[in-house]
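Chains, contacts and geometry: an overview
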Amino acid sequence: MNQQRSTFGSRIGVILATVGCAVGLGNIWRFPYMLGTNGGAAFLLVYLGCILILGWPVMVTEFFIGRNTRRNAAGAFKSLAPGTGWSIIGYNGVLAAFLILGFYYVISGWTLDYAFNSVFTSYAGKTTADFQNEFNAFSSSIVRPILWTFVFIGITHFIVTSGVKNGIERASKILMPILFFILVALCVRSLTLEGAAGGIDFLFRPDFSKINSTVVLNAMGQAFFSLSVGMGCLITYSSYFGDKTKLQRTAFEVTVLDTLVALLGGIMIFPAVFHFHIEPTSGPELVFITLPNVFAQLPLGNLWALIFYILLAVAALTSTISLHEVATAYIHEEFRVTRKRATFYVSLGAAVLCIFSSLSFGVLKGATLFGLTFFDILDYVTAKIMLPGGGMLICIFVGNRVNKKILKAELTNRGTTAFYFFSGYHFFIKYIAPVAIGLIFLNELGLMRWIMSLGQ
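Attention here is on the structure that accompanies the text. (Residues numbered from 1 in each chain as written. Predicted model: local features only at pLDDT ≥ 70, side-chain atom pairs only at ≥ 80, totals over all residues. Heavy atoms only, no water.)

**Description of the nonpolar core**
Burial of nonpolar side chains together is a common tendency in soluble globular proteins. Ranked by size, the top nonpolar core spans 156 residues in total, and within it F308 and Y309 carry the most contacts. Ranked by residues supplied to this core, first place goes to helix α14 (residues 301-334) with 18 residues. Here Y309 is in contact with T111, Y114, A115, S118, Y123, V287, F288, P292 and F295, once residues within four sequence places are set aside. (Core = buried A, V, L, I, M, F, W, Y, C linked by side-chain atoms within 4.5 Å. Buried < 20%, exposed > 50% of the residue type's maximum accessible area, 1.4 Å probe, protein only. Helix = DSSP H or I, 4+ residues; strand = E, 2+ residues; numbered from the N terminus. Contact = heavy atoms within 4.5 Å.)

Below you can see the structure in the form of C-alpha cells.
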C-alpha cells in the first residue's frame, strides 16, 4: 500500500469531490428525459429502488478497490490480482474515461458558448425554428465550438494539474455548493410558473400501470450511469480516501446527493414543460433548443438562461475533472512521470479527439462508420459497451477473486464500523449484480427487444 500517496484533506472534501465525480450533465438533462419517456413518477420509484439495490453496492465495491490498493484504476487490479488478465478491467476504465473526454468536452464547451451569448444576445421574440437554426449553425461551424472546447479543456487542465488537495478537492468545495445553489434557485423559479402543479404531479404521483420490463431496465441503466460506476472514476477517487473514511457511509451520502441533484433537475424541468406545453427531449435538443425557447417566454429570460448554462458548465466541469484524473493518475503512476506532464499528455490527447468530435457536426458529418459519426462512435462504445462491461467485470472480480475477510475488513475499517448485511451484500455482488448489469448491457445494445421478441 502506497502510504505516500496524496489523500483528500477533509471529510467534506471526500463527499463533495466524489459527488462531483458522480454528478454530471446526465443528471440535468438525461434523467428528466428518461423520466418523461418512461412513465414519470412510476419510473422514479423504480429508479430509486435501483439506486439503493444496484447503485450503492457497486459503488461500495469500487470504493473497496480504490482504497485497499491506493492505486489508479489499472494499477489497482494489478495489485489485487498480479500476473493475471484481470488488469484489463482497470485498463478498460482508464480508456473509457479518456474516450468520454473526447466528446464530453465538446458538449461542455457548448455550455460556455451559450452562457456567453446569454449576456450579449437577446432571446426575446425568437421561435423554436430560430433556436434550431442557431444551434445547427453553431454546432456545425469549425472555429467557435472548438475554441470553447479548448477553453473548457484548459480550465480542467489547470485544476487537475494542481493536485488532489489543492486542485480537485479545492475546486469541488467551490463548485458543488454553487451547483446546488443555482439548481435550487432554478427550481424555485420553475415552481412559480402557472401550471407547475401538473409537472409536480407527473413527477411524484405514480401510475403503476406504466411499469413494465422496459421501464425497469431503463431505470437500472440510468441508476448505473448516474453514479459513474464502471469507468474508473470512483476507484481513482477512493484511492485518495483516508484510512478513517467510512466507505459504506460515504457511498450512501454520495448516492443520496447524486439522486437529489437528479430530482432537482426534474423539478426544474417539468413545471416549465407543463407551463409551456412542450415535451422534454433528449440530449442537445432539450438543452440548446427547447429550453432557450422557454427562456424566451420568461421575464428576464436572458438572466435565467445565463444562470442555467452556468449550472450546466459547473456540472460538466465536475465530471471532466474526475474523468481527466482517471487517465492522469494512470500515466503519472504507471509511467512514473510528473503529474504536470501526465496532465498535459491527457489534455493534448483529449483535444485531438475533441477536434474530430466537434467536426462530426459539420465538415465530417458525412464520415460515418455503421451510420455513426466520430462523436457518436465514442459515445456508443463507452456508454453501451465499456461502462456496463467494466461494471459487470468489477462485480465478478470482487465477488469471486477477493478474499471475503479482506473485503469485509476494508469495508468495516478493520472492524471499527459495523456491516450488518455483509453476507447479503457479498452474495449480491457475486451473483445478482453481474446478471443485472448484464441485462443493462443487452438493453443498451438494443438486444433485449430482440431476445424478448423470440419468446413471443
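**Remarks on a nonpolar patch on the surface**
Taken together, the side chains of I142, V143, L147, V151, I155 and V363 define a hydrophobic patch exposed on the protein surface, amounting to about 530 Å² of accessible area. As for its placement among the helices and strands, V363 is situated in the loop between α15 (339-359) and α16 (374-401). Take V363: its relative accessible area is 55%, and that puts it in the exposed class. (Patch = residues over 30% accessible without salt bridge, like charges linked within 9 Å, V, L, I, M, F, W, Y side chains within 5 Å. Areas by Shrake-Rupley, 256 points an atom, 1.4 Å probe, with all protein chains shown as cover. Salt bridge = Lys/Arg side-chain N within 4 Å of Asp/Glu carboxyl O.)

**Digging into the packing of aromatic side chains**
One pass over the full model with this rule turns up 37 aromatic pairs. Summarising the aromatic geometry, the rings of F31 and Y47 are spaced 5.0 Å apart at their centres and angled 55° between planes, so their arrangement reads as tilted. Residue F31 is located in helix α2 (residues 25-37), and its partner Y47 is located in helix α3 (residues 41-69); the two are separated by 16 residues in the primary sequence. A relative accessible area of 0% places Y47 in the buried class. Seen in terms of ring centroids, F135 and F288 are 5.8 Å apart; in terms of plane orientation they differ by 10°. Their pairing is stacked. Taken together, the residues span a long stretch of sequence, with F135 in helix α6 (residues 128-140) and F288 in helix α13 (residues 283-296) at a distance of 153 residues. Neither residue differs from the other here; F135 and F288 are each classed as buried. (Phe/Tyr/Trp six-rings, centres within 6.5 Å; stacked < 30°, edge-to-face > 60°.)

**Thoughts on the pattern of salt bridges**
One pass over the full model with this rule turns up twelve salt bridges. Note that R71 and E334 form a salt bridge whose closest N and O atoms lie 3.1 Å from each other. Linking R71 in the loop between α3 and α4 (73-80) with E334 in helix α14, this pair joins segments that are 263 residues apart in sequence. Here E334 makes a salt bridge to K78, at a shortest N to O gap of 3.2 Å. Of this pair, E334 sits in helix α14 while K78 sits in helix α4, placing them 256 residues apart in sequence. Here the salt bridges do not stand alone but share partners, grouping R11, R249 and E253 into one network.

**Brief notes about the packing of helix α1 (residues 11-22) against helix α8 (residues 164-191)**
Interhelical geometry of α1 versus α8 gives an angle of 75° and a closest axis separation of 8 Å. Regarding the angle of α1 to α8, the classification is roughly perpendicular. Mapping the contact onto sequence places I12, G13, L16, A17, V19 and G20 in α1 and I168, E169, S172, K173 and M176 in α8. Grouping the constituent residues of the contact of α1 with α8 by class yields six nonpolar, three polar and two charged. (Axes fitted to C-alpha atoms, helices over the stretch in contact; angles between N-to-C directions. Parallel < 35°, antiparallel > 145°, perpendicular 65-115°, else oblique. Nonpolar A, V, L, I, M, F, W, Y, C, P; charged D, E, K, R; others polar.)

**Some details on the packing of α3 against α16**
To describe two helices that pack against each other, one gives the angle between their axes and the distance between the axes. Interaxial distance between α3 and α16 falls to 10 Å at its minimum, and their mutual angle equals 65°. Taken together, the axis directions place α3 and α16 in an arrangement best described as roughly perpendicular. For the element pair α3 and α16, the recorded crossing hand is left-handed. Touching V58, T61, E62 and I65 of α3 are I394, C395 and V398, all from α16. When the residues that make up the contact of α3 with α16 are grouped by side-chain class, the tally is five nonpolar, one polar and one charged. (Left-handed = near helix turned anticlockwise from the far one by under 90°.)

**Focus: helix α12 (residues 247-276)**
Between its terminal C-alpha atoms α12 stretches 44 Å, which fits the 44 Å expected from 30 residues at 1.5 Å a residue. For α12, the buried fraction is high: 23 of the 30 residues fall into the buried class. Where α12 terminates, the next one or two residues include H277, which has phi positive at roughly 55°. (Expected span 1.5 Å × (residues − 1).)

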